[in-house]
Amino acid sequence: MQVVKFSLKKANKIPIEADTVTPDNFAGKTKEEIEAILVWYGNGQCPLGDFFTVEVEGSDSAENTKIVFEGDVSRVKRIGQGMSTGEIEINGNVDMHCGFGMKGGKIVINGDADSWLGCEMKGGEIILNGSAAYYVGSGYRGEACGMRGGKITINGNARDYLGEHMCGGEILVTGNVGLLPAVSNNGGTIVIEGNATMPASEMKNGTVIIKGKISDMLPSYKEDGTEEVEGITYRKFVGDVNAGGKGMLLVK
């Protein structure tokens, strides 16, 4: 097992673009080699060692590499971007784009996450023990497909546009979400245990389950009996009719 621990030397105002911080990139490297890895800071690149105190225990494969951030990294973006294996643990808040495009492995965040958490991810798992901002599991502007696989669990609330353009995978939110969750979805499953506003607009495929209250239910869904999921019976709606959709919206 290899464990790499990071702690910020001092708070940064300009965001650090930490897309090179992945188990794939750290596996088997020494403390000195990891400190020398470059990250973007403003319009230039600087070594990680300029910003973080780094500790390395052991040496192993990417699959057996764990990265731990101690403290607030709410101005550090793109942690875990594109990772395929291993684990990252963040014990504090994190900035935007965490887990973007990840293909495997696991990220655990013991704090809040800024926007675009897990956007366009293809596999792996993200567990957020806090609340999320906008566009969790979504696609970037111009992308027809957001999240394609994997699972995101949010043990808190999420703001607007949860799972926008989602094509696969699963998102579970134990709290409330904001406006337009699952907008333009084309696959995947979203479970919201709290409340939501105007869910599943223009959804073509996929499943959305809402256990709380819905504000402003869209009129472009056709009620189609009931559906039982894990022993719970929901009212079943099919649509979005306006988009020729065959998605399933289940409401308690």
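First things first, this report covers the structure right here in the doc.

The rules we used
- Residues numbered from 1 in each chain as written.
- Predicted model: local features only at pLDDT ≥ 70, side-chain atom pairs only at ≥ 80, totals over all residues.
- Heavy atoms only, no water.
- Phe/Tyr/Trp six-rings, centres within 6.5 Å; stacked < 30°, edge-to-face > 60°.
- Helix = DSSP H or I, 4+ residues; strand = E, 2+ residues; numbered from the N terminus.
- Buried < 20%, exposed > 50% of the residue type's maximum accessible area, 1.4 Å probe, protein only.
- Core = buried A, V, L, I, M, F, W, Y, C linked by side-chain atoms within 4.5 Å.
- Lys, Arg positive; Asp, Glu negative; His and termini not counted.
- Salt bridge = Lys/Arg side-chain N within 4 Å of Asp/Glu carboxyl O.
- Contact = heavy atoms within 4.5 Å.
- Pairing = 2+ DSSP bridges.
- Disulfide = S-S within 2.5 Å.

Turning our attention to the packing of aromatic side chains. Tallied over the full model, the rule gives nine aromatic pairs. Centre to centre, the rings of Phe 52 and Phe 69 are 5.8 Å apart; their planes meet at 70°, and the pair counts as edge-to-face. One end of the pair, Phe 52, is in strand S5 (residues 52-57); the other, Phe 69, is in strand S6 (residues 65-70), and 17 residues separate them in sequence. Phe 52 gets classed as buried once you look at its relative accessible area, which sits at 2%. Through pairs of rings, three or more aromatic residues link up here, namely Phe 100, Trp 116, Tyr 135, Tyr 140 and Tyr 161.

Phe 6, Phe 52, Phe 69, Ile 79 and Leu 162 are the most contacted members of the largest nonpolar core, which totals 56 residues. Formed by six residues, the second largest nonpolar core is a distinct cluster that contains Leu 172, Val 191, Ile 209 and Met 248.

Right, let's get into the side chain of Asp 95. Along the chain, Asp 95 turns up in the loop between strand S8 (87-91) and strand S9 (106-109). Summary of buried charges: Asp 95 has no salt-bridge partner, and the nearest side chain of opposite charge, Arg 75, is 4.1 Å away. Setting aside anything within four residues of it in sequence, one finds Asp 95 in contact with Pro 15, Val 73, Ser 74, Arg 75, Val 76, Lys 77 and Asp 114.

Now for the pairing of strand S3 (residues 38-41). Bridge count for strand S2 (residues 16-17) against S3 is two bridges, and the pairing is antiparallel. Looking across to S3, one finds that Glu 17 is bridged to Trp 40. Note that S3 and strand S4 (residues 44-47) share four bridges and pair antiparallel. Residue pairing in the sheet places Tyr 41 in a bridge with Gly 44 of S4. In this structure, the hairpin formed by S3 and S4 is closed by a connection of two residues, where Gly 42 is found at a positive phi of approximately 70°.

This next bit is on the sheet that holds S3. By way of backbone hydrogen bonds, the strands of a sheet pair with one another, either parallel or antiparallel. Strand order in this open sheet of four strands is S4-S3-S2-S7, and the pairing throughout is mixed. Edge positions in the open sheet fall to S4 and strand S7 (76-77), since each of these has one partner strand only.

Its location among the elements puts Asn 25 in helix H1 (residues 23-26). Overall, Asn 25 belongs to the partly exposed group, its relative accessible area being 26%. Once residues within four sequence positions are removed from consideration, Asn 25 is found in contact with Thr 20 and Ile 37.

As a further point, take the state of the cysteines. Two cysteines, two sulfur atoms, one covalent bond between them: this is a disulfide. Applying the stated rule across the entire model yields one disulfide. Two residues share a disulfide in this structure: Cys 145 and Cys 167, whose sulfurs sit 2.0 Å from each other. Placement of the pair is Cys 145 in the loop between strand S10 (125-128) and strand S11 (151-154) and Cys 167 in the loop between S11 and strand S12 (170-173), with a sequence separation of 22 residues. Taking the relative accessible area as the measure of exposure, Cys 167 reaches 24% and is therefore partly exposed. For Cys 119, which is in no disulfide, the shortest distance to another cysteine sulfur is to Cys 98 and amounts to 9.8 Å. With a relative accessible area of 0%, Cys 119 lands in the buried category.

With that settled, consider the environment of Leu 117. Looking at the element boundaries, Leu 117 is found in the loop between S9 and S10. For Leu 117, a relative accessible area of 0% gives the class buried. Between the C-alpha atom of Leu 117 and that of Pro 47, which follows or precedes it by 70 residues, the distance is 25 Å. With residues up to four places along the chain from it excluded, the contact list for Leu 117 reads Cys 98, Ile 109, Ile 126, Leu 128, Tyr 135, Val 136, Gly 137 and Ile 152.

Here we take up the environment of Ile 152. Along the chain, Ile 152 falls in strand S11. Between the alpha carbons of Ile 152 and Gly 169 there is a distance of 8.4 Å; along the sequence they are 17 residues apart. Those residues in contact with Ile 152, other than ones at most four positions away along the chain, are Leu 117, Gly 118, Met 121, Ile 126, Val 136, Gly 137, Met 147, Glu 170, Ile 171 and Leu 172.

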